[in-house]
Amino acid sequence: MFTHPRHTAIKFILIYTLLFYAWVILFQNNLSLRLWGANMFPLIGGSVSSLWLFQAYRHSQPHHKRFWLLLCIGVFLYFTANLLWFIIQILLDRNPFPGPADFFWIASYFIFLTAVLHKWITLRRVISSRAYAYNILIFMTVATTLSTYYLIWPLIVQTEDYTAATVISIAYPVLDIIMLFAALNMYYLAQYSDQRKVLLLLSAGFTLQIIADTVHMSLNLTGTYESGHFIDPLWQVCLLLCGLAGLYEVEEGKARTNEGINNLNPFYIGFPYLSVIVLFLLVIKSSHITFNILSAGFGLVLLLTLLRQIYITVENTNLIKEYRQLAYKDSVTGLYNRTKFHKDLCDFLARSGDNQTTFGMMLIDLDRFKNINDTMGHPVGDQLLAAFAHILRKIVPQDDYIYRIGGDEFVIIVQDLTASDCVELAEALIQNMAAPFKIQESEIIISPSIGISLYPDNGSQPDDLLKNADTAMYHAKETGKNNVKLYSPELNEKASRRMNLEHGLRKALENNEFTVLYQPKVNLKTNEIVGVEALLRWNHPQYGIISPMQFIPLAEETGQIVPIGEWVLRKACLQNKLWQDKGLPKVHVSVNVSVRQFQRSFFVGTVREVLQTTGLSPQDLDLEVTENVLHDTTTSVSIITELRAMGVGISLDDFGTGYSSLHVLRALPVNTIKIDKSFIVDITASKASQSIVRAIIEMCNHLKLSVVAEGIEDAGQLQQLRQYDCTVGQGYYFKKPMSADAIEKLLRNGILTEGINN
Ligand code: C2E
Ligand code: MG
Ligand code: MG
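In this text, all values refer to a predicted model and were calculated from it rather than measured experimentally.

Visitor: For this particular structure, what's the right way to read the nonpolar core?
Guide: One broad trend across soluble globular proteins is that nonpolar side chains are buried collectively. One finds Tyr-518, Val-607, Leu-621, Leu-623, Leu-643 and Leu-721 to be the most contacted residues of the largest nonpolar core, which totals 80 residues. It is helix 18 (residues 561-581) that provides the largest number of residues to this core, a total of 8 residues. If we skip the residues at most four places from it in the chain, Leu-643 touches Phe-598, Phe-603, Val-604, Val-607, Leu-623, Val-648 and Ile-650. One finds Leu-151, Ala-182, Tyr-192 and Met-217 within the second-largest nonpolar core, a separate group that totals 75 residues.

Dropping the structure here:
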């Protein structure tokens, strides 16, 4: 209908008000015309406003509908009251006061109040502070005091007999106090609601209503009010303001997304105080030193102001406490965080210094947690951390303190325990973690490495204690993970070695410090060399030759494994091609690949490129992966399938030591299984190892997989493996890992002689 209905509405309100005033002024001395105007204009104003509010009801969002319906009914009742007044005063020519119109007016006030209460209830959840209740209460007390002193009390005093007229006359100022409550609430709620303009318009409308009523009552008190007075249009303006609010709702409501914004107008906070000052001035002005309504009201207001202050102080203190809690908590596990750890540690040290108590610091790191995060994703990692925190809470005594101080690093401060008690607690934790964690359909086994330092034996400063617990924890990791170690000064040397290694690793590739050795894989029936495994060595400038068992985990942690692994791959492929070019018997070369390398998106591309540049055929390359790749079976299956399609062989290394169950053999398209040397080492003595090895070999035969037995060290082991029909073996009994030149010589002979000294 209109492009901007509210602009048209504003124009309408202005013109309507002007016309109303013009009529009242023009016909001031013509009673009958003045009365006609005074009755007709309200009928127009009321019906237009009802119509606008009905529009708001129809077009507002479902959760606002009830509010607009109530307002619409309120205005409609008001309109009905005007209509009745018109019928009685003009058509029936009788005195309309008191009469049925008053009933409708009073009813409309109640409906307005209900609408405000309804709004308040829907917004309650977003109103964070209850201080506003005090603000309103203080303001209301001031208003009630003033209204009682200046309006209601004089009415009561004047009244000799209580007729309907006097009761209703007293009812209006009382209702206006209620309306004031409604207006204040609207104003307050506007600060919290996204219906801000709408509520402010309503608040303005209600306030205007109260002003008009108050002026009307003062005029009544002096007997100077007549229908068609200058204040008459004011009532209509307030109805139209309510209607205008409805139109704003229609236009703005659709664009709103949520209710509940929180930016309190500072003016509102000063509001009640201002009213107290006004009341105070009036008390002084009333010059009644004795007790009266004004001074009683003032007393009450002072009391309320005091209560409000107390309430705000308590609320603020609680808020500060809450924020402090949040600043100290880790959101993933709900444990205390690093900040709280430092604070508590300093407190402990301060206290322990006084009364000679002791405490232990347990530093816990989850083994291979990075792998899980990398392969299964961070959400799974987070759930695992939370599940671990749950176990910590379960086993740690109540007054001890548990913190998460880093990604997968946790600290427990254990009070009043001896070193062996601490170790016992750590062992209990390790035991509790033996069972797999069930997270999102998968079962994850994760173990902790725990280092313990004791106060005061291992340090009296926070940094020393943490550093020493860290050293002990690394030692626990180095000695096989899933382990606990107490700090001792000798560990420091190991820690500094580790640091040096970590540091040196970054430059090792550049400085040409790596070499690759090769260990033959032998056909156990013919003793022919069928392949060689490339094994990396690091010739450290300070420590000499270092085993990959020491530096590969470091390289995995730092990510260095990616360039290092690629270097080994290239070197091994090139070497094999060189042997082939020299006309030596064809063998395949096996290269170990760590999980971090393997699951890089460009791994397959790297392999393809290396094969192309070196000219080695894919059939002569074999990649050895461990069961760790199974953390993310889907990705691994697709990578292995792609590599197999290229013709590259895949071996599952160290079989039997990892997490996997047998079903992985079906899932992973590998073509070789390498039985871990821990089963071979006692194959002659242990019946259990014999059964396991035999079962693995038989299963592989059924599944048409090749089997390699690792770590054959003596004739007895070889004998046993031959009995079980194991086709390929590798071990010191044949040859230790050796240089490329040494392998070349062996390959020239073709067939290996068994025996330690060969
Ligand atoms: P692995 O792949 O299982 O390699 C076999 C390891 O067993 C080698 O240790 C080898 O020297 C050793 N070994 C062979 N025969 C015997 C034996 O008869 N008795 C005993 N006790 N040991 C034997 P090494 O060379 O120290 O390598 C250790 C591990 O380091 C390898 O285990 C592999 O997991 C890893 N590694 C080595 N080179 C690389 C590499 O280039 N990249 C990656 N990612 N890992 C590598
Ligand atoms: Mg290997
Ligand atoms: Mg192995």
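Visitor: Would you explain the site of ligand 1 in this entry?
Guide: Taken together, 23 residues surround ligand 1, and among them Arg-537, Asn-592, Asp-653, Glu-713 and Tyr-732 come closest. Within the side chain of Gln-519, a nitrogen or oxygen atom sits 3.0 Å from a nitrogen atom of ligand 1. One of the side-chain N or O atoms of Glu-710 is found 3.1 Å from an oxygen atom in ligand 1. Computed on the free molecule, ligand 1 has an accessible area of 780 Å², of which 87% lies beneath the protein chains in the complex. For the shell around ligand 1, the secondary structure elements donating two or more residues are strand 9 (529-540), helix 17 (548-558) and strand 13 (649-655). Residues belonging to the shell around ligand 1 are distributed by class as follows: 9 nonpolar, 6 polar and 8 charged.

Visitor: In this structure, what is going on with the coordination of the magnesium ion (ligand 3)? I would like to understand it.
Guide: Octahedral six-donor coordination of a metal ideally yields angles of 90 or 180 degrees, compared with 109.5 degrees for tetrahedral four-donor coordination. Those protein atoms acting as donors to the magnesium ion (ligand 3) are Asp-653 (OD), Asp-654 (OD), Glu-710 (OE) and Glu-710 (OE), and they sit at 2.0 to 2.6 Å. Between the magnesium ion (ligand 3) and the magnesium ion (ligand 2), a separation of 4.1 Å is found, and both are coordinated by Asp-653. Of the two residues, Asp-653 is situated in strand 13 and Glu-710 in the loop between strand 15 (706-709) and helix 25 (715-723); the sequence distance between them amounts to 57 residues.

Visitor: Hey, could you run me through the coordination of the magnesium ion (ligand 2) in this one?
Guide: Taken together, Glu-533 (OE), Asn-592 (OD1), Glu-624 (OE) and Asp-653 (OD) make up the full set of protein donors to the magnesium ion (ligand 2), lying 2.0 to 2.2 Å away. All donors to the magnesium ion (ligand 2) come from one chain, and their sequence spacing reads E-x58-N-x31-E-x28-D. Looking at Asn-592, the relative accessible area reads 30%, which means it is partly exposed.

Visitor: How do you make sense of the pairing of strand 13 when you look at a structure like this?
Guide: Residues in a regular strand point their side chains to alternate faces of the sheet. Along strand 13, 6 of the 7 residues are buried, which leaves the element largely enclosed by surrounding structure. As judged from the 4 bridges shared by strand 12 (residues 621-625) and strand 13, these two strands associate in the parallel manner. Paired with Asp-622 across the strands is Gly-649, a residue of strand 13. Here strand 13 runs beside strand 14 (residues 672-675); their pairing, made up of 3 bridges, is parallel. From the neighbouring strand, Phe-655 faces strand 14, where its bridge partner is Ile-675.

Visitor: Explain the confidence of the model for the protein here, please?
Guide: Low pLDDT means the predicted atomic positions in that stretch should not be read closely. When pLDDT is averaged along the protein, the result is 87, and 94% of the positions lie at 70 or above. Per-element confidence in the protein ranges from a low mean pLDDT of 71 for helix 22 (residues 663-667) to a high of 98 for strand 11 (residues 588-592). Note on residues 258-262: pLDDT is under 50 here. Beyond four places in sequence and across chains, it has 19 contacts.

Visitor: Please explain the pairing of strand 8 (residues 514-523) as it appears in this structure.
Guide: Across the 10 residues that make up strand 8, a large majority, 7, are buried. Here strand 8 folds back onto strand 9 in antiparallel fashion, the turn holding 5 residues, of which Asn-527 has a positive phi close to 60°. The sheet contact formed by strand 8 and strand 16 (residues 728-729) spans 2 bridges and is antiparallel. Bridge pairing in strand 16 links Asn-523 to Val-728.

Visitor: How should I be thinking about the packing of helix 18 against helix 20 (residues 603-614) in this particular structure?
Guide: The relative placement of two packed helices is expressed as an angle between their axes plus a distance between the axes. Following both chains from N to C, one finds helix 18 and helix 20 inclined at 35°, their axes separated by 9 Å at the closest point. Seen along the crossing, helix 18 lies across helix 20 with a hand that is right-handed. From helix 18, Glu-566, Leu-569, Arg-570, Cys-573, Leu-574 and Lys-577 reach across to helix 20, where they touch Thr-606, Val-607, Glu-609, Val-610, Leu-611, Thr-613 and Thr-614. Broken down by class, the residue content of the contact of helix 18 with helix 20 amounts to 6 nonpolar, 3 polar and 4 charged.

Here is what the cut-offs are and how they apply
Residues numbered from 1 in each chain as written. Chains lettered and ligands numbered in written order. Predicted model: local features only at pLDDT ≥ 70, side-chain atom pairs only at ≥ 80, totals over all residues. Heavy atoms only, no water. Core = buried A, V, L, I, M, F, W, Y, C linked by side-chain atoms within 4.5 Å. Buried < 20%, exposed > 50% of the residue type's maximum accessible area, 1.4 Å probe, protein only. Helix = DSSP H or I, 4+ residues; strand = E, 2+ residues; numbered from the N terminus. Contact = heavy atoms within 4.5 Å. Near = heavy atom within 4 Å. Polar contact = N/O pair within 3.5 Å; in protein donor to acceptor, adjacent residues only side chain to side chain. Areas by Shrake-Rupley, 256 points an atom, 1.4 Å probe, with all protein chains shown as cover. Nonpolar A, V, L, I, M, F, W, Y, C, P; charged D, E, K, R; others polar. Donors = N, O, S within 2.8 Å, 3.2 Å for Na, K, Ca; no water. Pairing = 2+ DSSP bridges. pLDDT = per-residue confidence, 0-100. Axes fitted to C-alpha atoms, helices over the stretch in contact; angles between N-to-C directions. Left-handed = near helix turned anticlockwise from the far one by under 90°.

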